[in-house]
Amino acid sequence: MSERPATILVVDDEAAMRLGLKEVLAREGYAVELAADGEEACRRLEKRGLDAVVTDLRMPGKDGLAVLARAKELDPSLIVFVITAYGDVPTAVEAMKAGAADFIMKPFKIDDVRSRIRTQLLKRVVREETKRAPATLSTEEIAA
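In this report, we go over the structure that sits alongside the text. Just so it is clear, the model here is predicted, and its values are computed rather than measured.

1. Regarding the pairing of strand 3 (residues 52-56)
Strand 3 sits mainly inside the fold: five of its five residues count as buried. Looking at chain direction, strand 1 (residues 7-11) and strand 3 are connected through four bridges and run parallel. Opposite Leu-9, over in strand 3, you have Val-53 as the bridge partner. Here five bridges tie strand 3 to strand 4 (residues 79-84), and the two strands are oriented parallel to one another. Looking at the pairing, Thr-55 lines up with Val-82 of strand 4. In terms of handedness, the path from strand 3 via helix 3 (residues 64-74) over to strand 4 forms a crossover that is right-handed.

As structure tokens, then:
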């Protein structure tokens, strides 16, 4: 498992939400970067080095679905959480089909969000470790 803390980009046009999530996630030991809108988030995604993105859905300019699309285009393994106060079933389905790991409705319980993020990051680590692990059994050993 990696020694560096997971890096999470928090994208929200509301400063209070952005800073609140940063504080909570930093206390969990994550490195947290911030973006105030979708344009800034997409620029940050170009630099790579992120493990997860938590993005608001409705923002001026590029919305959370545009951030999700760009994130998945650059790194299909990137974990993206879409949060919103204006969610509906079709939008949630669209986000999940586009590759969102989770769709979280505001107001949310911070313990629930922390748990969801932790779970998805652990799943990513397991997937990456599994890809790197050499096959331990040869074809002949499996057939025997």
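2. Re the pattern of salt bridges
Tallied over the entire structure, the rule returns 15 salt bridges. For the salt bridge of Lys-106 with Asp-12, the shortest nitrogen-to-oxygen distance reads 3.2 Å. Of this pair, Lys-106 sits in the loop between strand 5 (102-105) and helix 5 (110-132) while Asp-12 sits in the loop between strand 1 and helix 1 (15-27), placing them 94 residues apart in sequence. Taking the shortest distance from any N to any O, the salt bridge between Arg-124 and Asp-75 comes out at 3.5 Å. Residue Arg-124 is located in helix 5, and its partner Asp-75 is located in the loop between helix 3 and strand 4; the two are separated by 49 residues in the primary sequence. Within the structure, one salt-bridge network assembled from shared partners comprises Arg-4, Asp-51, Asp-75, Arg-124 and Glu-128.

3. Considerations on the side chain of Thr-7
As for its position among the elements, Thr-7 is in strand 1. Residue Thr-7 is classed as buried on the basis of its relative accessible area of 10%. Not counting the four nearest positions on each side in its chain, Thr-7 is found in contact with Ala-31, Glu-33, Gly-49, Leu-50, Asp-51 and Ala-52.

Rules of the game
Residues numbered from 1 in each chain as written. Predicted model: local features only at pLDDT ≥ 70, side-chain atom pairs only at ≥ 80, totals over all residues. Heavy atoms only, no water. Buried < 20%, exposed > 50% of the residue type's maximum accessible area, 1.4 Å probe, protein only. Helix = DSSP H or I, 4+ residues; strand = E, 2+ residues; numbered from the N terminus. Pairing = 2+ DSSP bridges. Right-handed = clockwise from strand over helix to strand, strands pointing away. Salt bridge = Lys/Arg side-chain N within 4 Å of Asp/Glu carboxyl O. Contact = heavy atoms within 4.5 Å.

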